[in-house]
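Here is what each chain is made of, one letter per residue.
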Amino acid sequence: MTQSEKPAANTMWGGRFASGPDAIMTAINASIGFDQRLYAQDIAGSRAHAAMLAATGIITDSDAQAIREGLLTVLSEIESGNFTFRTDLEDIHLNIESRLTEIVGDAGKRVHTGRSRNDQVAVDFRLWVRDQCDAAVAGLTALMHAFLAQAEAGADWVMPGFTHLQVAQPVTWGHHMLAYVEMLGRDRSRFADARRRMNECPLGAAALAGTGFPIDRHMTAAALGFDRPTANSLDSVSDRDFALEFLSASAICATHLSRFAEELVIWSTAQFRFVKLSDKWTTGSSIMPQKKNPDAAELLRAKIGRILGATVALFTVMKGLPLTYSKDMQEDKEQVFDAADTLMLSLAAMTGMVSDMTAQKDTLKTAAASGFSTATDLADWLVRALGLPFREAHHITGRLVALAESKGCDLPDLTLAEMQSAHPNINQEVYSVLGVENSVRSRQSYGGTAPDQVRAQIARWKAALA
């Protein structure tokens, strides 16, 4: 039979069914519309399986050679766009096996010996998600380098640090950028850790109980780059933890991207003017000619919705399933495919924006000095220099803030006499801690905002990513 001679119904199941499925059943049952993305993994798994079957004497070397060559032909047809995916064959596994049999004859019918579609899809999907973990690590590494470049350029630039989006204390631009490097570093480690945990091969678990054929699961695991075969056949075909972990790591990562996207939206407003985004990452308005909208950042801010939705969807699918495989699990792939595509696009876009944005140094410095941002420095000075309990120092500082506010000035603008009205022992030395540069330089604790600490952390991350 040639590829163009298509049967009316799927006969790959065998003789159990006398008639073909209803058209609606075919539509709801078929997954080829999306699982064709697994073609490379499916062919790799089949080639490894066929080599093992020959090595263990289960099939002949000539059949194994025919299978290997036929699978390469199928791979070439798919990659060149000359392969016809058939809905009546349900999924990528049967589509490839059917075409393989058309090419090599009876040898193609032997490729499924000692396995099931249950362990076949488990290994295909695991290989695909493993590749996506690698891609996420690479994308995160590139984004971290972009943040490190920003941190290094502004290691000693002063800006306001916020709590409740209110000015709190002065920090450095470099320190703020490094906060995202830390977040992304945790994301990177989550993907790497998930990859290590998923790197076990389910192929050979067959439908659910293993197989009576003398297969060598260690051989196929090694051929596919896994550390070892999975140890329990029931768990092997029913496990989707690897996909849930990938989605969970993606959702956390997308949350971090969304947080910085929100800051870009705020920082690029006329009210803040902390950063400028180029025309590459902004759009105009159809009616307001002055507008320069941070649409890329806004879209990134929203992407968490898609990824978190996919995560919740797969958790919901898996939560009530008895062992082992159920058809519900066919609903796993579209969620993961979409989340992976969304994450990689988001990482690439964020890397472009971070590399492209221009921090406005003078505006940042002016903002850093606003809102009585050195009040905590004043309270700390009262503790260090005058030996006051911190709670008393806090109260005195609050009185001075109220005084400055009533006068319409900032703390450094108060006279010494006005300072001494709150406590008679305050002296001229107090002004040394009220400048924003002095404030950030004083934060020398490990992980603090002092420029020396910032540069040390930049060096640490550069070494870690090298």
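Per-chain numbering applies: the sequence of each chain, read as written, is numbered from 1 onward. Local features in a predicted model are, by the rule used here, given only for residues with pLDDT of at least 70; side-chain atom pairs are given and counted only at 80 or more, and totals for whole chains, interfaces and linings are based on all residues. For side-chain calculations, the full set of non-hydrogen atoms in the structure is used, while hydrogens and water are omitted.

Visitor: Looking at this structure, how should I read helix α16 (residues 390–407)?
Guide: Spacing of three or four residues puts side chains on the same side of an α-helix, whose turn is 3.6 residues. To qualify as a helix, a DSSP run of H or I must reach at least 4 residues; to qualify as a strand, a run of E must reach at least 2; elements of each kind are numbered from the N terminus. For a helix, the expected span equals 1.5 Å multiplied by the residue count minus one. Its 18 residues place the ends of α16 26 Å apart at the C-alpha level, agreeing with the 26 Å of an ideal helix rising 1.5 Å per residue. Partly exposed describes any residue whose relative accessible area lies between the buried limit of under 20% and the exposed limit of over 50%, with all areas from a 1.4 Å probe on protein chains only and scaled to the type maximum. Where α16 is concerned, the buried positions are A393, I396, T397, L400, V401 and A404. Down the axis of α16, the buried side of the element spans an arc of 145°, and every buried residue falls inside it. In α16, the exposed positions that point more than 90 degrees away from the buried face belong to R391, H395, E405 and S406. Any two residues whose heavy atoms approach within 4.5 Å are treated as being in contact. Contacts from the buried residues of α16 go to α15 (375–386) and α17 (416–420). Two residues or fewer after α16 comes G408, characterised by a positive phi angle close to 70°. Think of the arc as the fan of directions from the helix axis to the C-beta atoms.

Visitor: What am I meant to see in the side chain of S250 here?
Guide: In this fold, S250 is placed in helix α11 (residues 241–267). By relative accessible area, S250 is classed as buried at 0%. Not counting the four nearest positions on each side in its chain, S250 is found in contact with F191, I307 and L343.

Visitor: When you look at the nonpolar core in this model, what are you seeing that I'm missing?
Guide: Generally speaking, soluble globular proteins have nonpolar side chains that are buried together. Side-chain atoms within 4.5 Å are what join buried Ala, Val, Leu, Ile, Met, Phe, Trp, Tyr and Cys residues into a set we call a nonpolar core. Ranked by size, the top nonpolar core spans 95 residues in total, and within it W173, F260 and M350 carry the most contacts. Element by element, the count of residues in this core is highest for α11, at 16 residues. With residues up to four places along the chain from it excluded, the contact list for F260 reads F147, M177, Y180, W267, M350, V354 and M357. In this structure, F372, A379, I396 and V433 belong to the second largest nonpolar core, which totals 21 residues.

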